[in-house]
Amino acid sequence: MIINLSDIGPQGESFVLNRQTGELNSLLADLIGENPYEIQLDLLPKDQGFELKGLVQSQTPELCSRCGIDIKIKIYKEFKELLLPKIQSPGLGEHYSRVNHYTDLHEEEGPGVIECENLIFNAGEYLHELIALQIPIKPVGEINSSGDCLVCGLNIETTQFGYDEPFPAEKKNPFSALKNIKLN
């Protein structure tokens, strides 16, 4: 879904995207499969760019990293970004600052910044990456107050989910094969 920012009026524009409207069905299929999704997207013109804010709600099919059963991970993410025209390169005497490391960024401080080339914003690509970042590395099912998994019913404190294979007790000398070699 490509949005031409020059077509946005002074009052802004709102978009509601879901499975029924279908704009992002094929684009999000690798992340959420056939699960329903609801995306609200508001674009408001600002001084030198646009303010992008909204909300993403969906589910993604995953395998529980504890027991291997199919689960659905809930995705809920509010976002707020500034869309600014892309700066080609700083001129003589101009400069801009960056953080030293991504850990120096603080998410709660304010909106992020997205640079758009030629006032074209690829909302589909942005939303795809936003959803992908919400998927946990080790997905697990939800647990209740007593510590039982709501998917498999096992207690996560008392159940060993790992696999442990015992090593052979006898250690073989790696040079024992040399005893049988006969040299002329």
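Please refer to the structure higher up on the page.
Definitions and cut-offs
Once a new chain begins, its residue numbering starts again from 1 and follows that chain's sequence as written. Local features in this predicted model are restricted to residues of pLDDT 70 or higher, and side-chain atom pairs are both shown and tallied only at a pLDDT of 80 or more, whereas totals for entire chains, interfaces and linings draw on every residue. Values shown for side chains rest on all heavy atoms present in the structure; no hydrogens or waters enter the calculation. DSSP bridges decide pairing: two strands pair if at least two such bridges lie between them. Only DSSP runs of H or I reaching four residues or more are called helices, and only runs of E reaching two or more are called strands; each is numbered from the N terminus. To obtain each axis, a line is fitted to C-alpha atoms, and for helices this fit is confined to the stretch in contact; angles are then taken between N-to-C directions over 0 to 180 degrees. A contact between two residues is defined here by any heavy atoms of the two lying within 4.5 Å. Classification of residues uses two cut-offs on accessible area relative to the type maximum, computed with a 1.4 Å probe and protein chains only: under 20% is buried, over 50% is exposed, and between them is partly exposed. What the arc measures is the spread of directions leading from the helix axis to the C-beta atoms. Any two of the Phe, Tyr and Trp rings considered here, Trp counted by its six-membered ring, make a pair once their centres fall within 6.5 Å; the pair's planes then place it as stacked at under 30 degrees, edge-to-face at over 60, or tilted in between. Patch membership is restricted to residues that have no salt bridge and whose relative accessible area is over 30%. Joining uses 9 Å for like charges and 5 Å for the nonpolar side chains Val, Leu, Ile, Met, Phe, Trp and Tyr. Per-residue and other accessible areas follow the Shrake-Rupley method at a 1.4 Å probe size, with only the shown protein chains counted as cover for residues. Think of a salt bridge as a Lys or Arg side-chain nitrogen and an Asp or Glu carboxyl oxygen that are within 4 Å of each other.

Draft legend 1. How the structure looks around the sheet that holds strand β6 (residues 112-116). In space, the five strands of this open sheet follow the order β2-β3-β4-β5-β6, with mixed pairing throughout. In the strand order of this sheet, the two ends are held by β2 (13-18) and β6, each with one partner. Each strand of the sheet is rotated relative to its neighbour by a mean of 30°, with strand direction disregarded. Two strands pair when backbone bridges link them, and β2 and strand β3 (residues 38-45) are joined in this way by six bridges, in the antiparallel orientation. Considered in β3, the bridge of Ser14 is made with Asp42. Each of β2, β3, β4 (50-63), β5 (70-85) and β6 touches helix α2 (residues 123-132); the most contacted strand, β5, lies at about 135° to it.

Draft legend 2. Region of interest: helix α1 (residues 25-32). Buried residues of α1: Leu28, Leu31 and Ile32, and no others. Viewed end-on, α1 has its buried residues packed into an arc of 70°, placing them on one side of the element. In α1, the exposed positions that point more than 90 degrees away from the buried face belong to Ser26 and Asp30. A positive phi of about 65° marks Gly33, the residue just after α1.

Draft legend 3. The arrangement of the packing of aromatic side chains in detail. Tallying each qualifying case throughout the model produces two aromatic pairs. Look at Phe79 and Tyr126: their rings are 5.6 Å apart centre to centre, the planes differ by 70°, and that puts the pair in the edge-to-face class. On the criterion of sequence distance, the pair formed by Phe79 in strand β5 and Tyr126 in helix α2 is long-range, its members being 47 residues apart. The residues Phe79 and Tyr126 share a single accessibility class, namely buried. Where Phe121 meets Tyr126, the ring centres are 5.9 Å apart and the plane angle is 50°; that geometry is what we call tilted. A residue is classified by how much of its surface remains accessible, and Phe121, at 4% relative accessible area, is buried. In this structure Tyr126 comes out as buried when scored by relative accessible area, which is 14%. One aromatic cluster in this structure is built from Phe79, Phe121 and Tyr126.

Draft legend 4. Structural detail: a nonpolar patch on the surface. There is a patch of nonpolar side chains on the surface, built from Phe175, Leu178, Ile181 and Leu183 and spanning about 490 Å² of accessible area. Mapping Ile181 onto the fold places it in the segment after α2. Judged by its relative accessible area of 49%, Ile181 falls in the partly exposed class.

Draft legend 5. A look at unusual backbone geometry. A positive phi is found at Leu119, a non-glycine position, where the angle reads about 55°. Looking at where Leu119 falls in the secondary structure, it is placed in the loop between β6 and β7 (120-122).

Draft legend 6. A look at the pattern of salt bridges. Overall, the coordinates contain three salt bridges when judged by the stated rule. Glu51 serves as the salt-bridge partner of Lys80, at 3.6 Å between the closest nitrogen and oxygen. Of the two residues, Lys80 sits in strand β5 while Glu51 sits in strand β4, which places them 29 residues apart along the sequence. A relative accessible area of 43% places Lys80 in the partly exposed class. Under the relative-accessibility criterion, Glu51 is labelled buried at 10%. Among the ionic contacts, a cluster of salt bridges with common partners joins Lys46, Glu51 and Lys80.

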